Amino acid sequence: MHAEHEGHQAMHAEMVLILIVTLVVAQLVLVQWKQRHPKSYNLVTLFQMWVVPLYFTTKLHWWRFLSTWFIFSVITAYVSYRATRKPLDCTTPRLVYKWFLLLYKISYATGIVGYTVVMFTLFGINLIFRIKPEDAMDFGVSLLFYGLYYGVLGRDFAEMCADFMASTVGYYSASGMPTKHLSDNICAVCGQPILVDVSEEGIIENTYRLSCNHVFHEFCIRGWCIVGKKQTCPYCKEKVDLKRMFSNPWERPHVMYGQLLDWLRYLVAWQPVIIGFVQCINYVLGLE
């Protein structure tokens, strides 16, 4: 092995340099693209997230993943279709947030279980149950991958649906100016009446008041902030204090998990493309 690569040190150094330069330039380009044209960046990133893993798993014949990907795609396509219809049906916002919140919780639980299995395997706890290390590690890594992938993809689709629905309801617009006045007893996320007072304890859900004094259904504003990745009031765009909203310490990991998914988007969507581009450069320059 060493004899095969002997004398190629300069070539290897050149390949490493190409990789580093390409990663730095690609990161700068992506950051500028995201800042200047966020809509096109998010759309292309979402398409990359949806298609790139499909290509590799089809090539590797991972039928289990393809089955879950197909089920996810069918349900999400239906929910997205409902979210983009005009006029918006009164039951659609709840349907959208329920689906993506369910998906978010499942991905969160799956990722936690996968991480736990991996750690148990590293500490040899799998041997107590007479499970082979390679089998336990494969199982843990697979669960971790499923949780992170569908968590990232679900949040991106949820953000797209949240923008469509909020603009259709009319209280939220990308420019920051609401298109109609918000009554005190109307939720700006779903456009439906608020039946429970802020000071009262609701049977199904409570009513939540932001620091800007606008009130929302609890599930709506939680879905808006966690699942839809919005950290501003849907009506006036004032910054939402997530620490105040999620005062329960058991709920804060959900916020941190959402931030982790945002960080992993680059690895899932763009890293394979960048590595492929580096390989093309090496091929053109005759580097092996």
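Note that this is a predicted model, so its numbers are computed, not measured.

**Things to note about the overall build of the protein chain**
For step 1, the next point in the chain: The helix and strand inventory of the protein chain stands at nine helices and two strands.
For step 2, the next point in the chain: Reading the secondary structure of the protein chain in the N-to-C direction produces α-α-α-α-α-α-β-β-α-α-α.
For step 3, the next point in the chain: Looking at the protein chain as a whole, 39% of its 288 residues are labelled buried.
For step 4, the next point in the chain: Long-range contacts, defined here as pairs at least 24 residues apart, represent 62% of the contacts in the protein chain between residues at least 6 apart.

**Examining the nonpolar core**
For step 1, the next point in the chain: Of all hydrophobic cores here, the largest spans 48 residues; its most connected members are F100, Y150, L210 and F216.
For step 2, the next point in the chain: Only α2 (9-36), α3 (38-59), α4 (63-83), α5 (92-122), α6 (133-169), β2 (215-217), α7 (218-227) and α9 (252-284) provide two or more residues apiece to this core.
For step 3, the next point in the chain: With 10 residues, the top contributor of residues to this core is α6.
For step 4, the next point in the chain: For Y150, the contacting residues outside a window of four places in its chain are F65, T68, W69, F72, L103 and S107.

**Considerations on a nonpolar patch on the surface**
For step 1, the next point in the chain: Where nonpolar side chains cluster on the molecular surface, the patch consists of V16, I20, V24 and L28 and spans about 360 Å² of accessible area.
For step 2, the next point in the chain: By the element assignment, V24 lies in helix α2.
For step 3, the next point in the chain: Using a relative accessible area of 46% as the deciding quantity, one classes V24 as partly exposed.

**Points about the packing of α3 against α4**
For step 1, the next point in the chain: Between α3 and α4, the least distance of the axes is 10 Å, while the angle of their chain directions is 150°. Taken as axis vectors, α3 and α4 run roughly antiparallel relative to one another. As α3 packs across α4, the resulting crossing turns out to be left-handed. Facing α3, whose interface residues are W50, P53, L54, T57 and T58, α4 presents F65, L66, W69 and S73.

What counts, and where the lines are drawn
- Residues numbered from 1 in each chain as written.
- Predicted model: local features only at pLDDT ≥ 70, side-chain atom pairs only at ≥ 80, totals over all residues.
- Heavy atoms only, no water.
- Helix = DSSP H or I, 4+ residues; strand = E, 2+ residues; numbered from the N terminus.
- Buried < 20%, exposed > 50% of the residue type's maximum accessible area, 1.4 Å probe, protein only.
- Contact = heavy atoms within 4.5 Å.
- Core = buried A, V, L, I, M, F, W, Y, C linked by side-chain atoms within 4.5 Å.
- Patch = residues over 30% accessible without salt bridge, like charges linked within 9 Å, V, L, I, M, F, W, Y side chains within 5 Å.
- Areas by Shrake-Rupley, 256 points an atom, 1.4 Å probe, with all protein chains shown as cover.
- Salt bridge = Lys/Arg side-chain N within 4 Å of Asp/Glu carboxyl O.
- Axes fitted to C-alpha atoms, helices over the stretch in contact; angles between N-to-C directions.
- Parallel < 35°, antiparallel > 145°, perpendicular 65-115°, else oblique.
- Left-handed = near helix turned anticlockwise from the far one by under 90°.

Any functional reading would require information beyond the geometric quantities listed.
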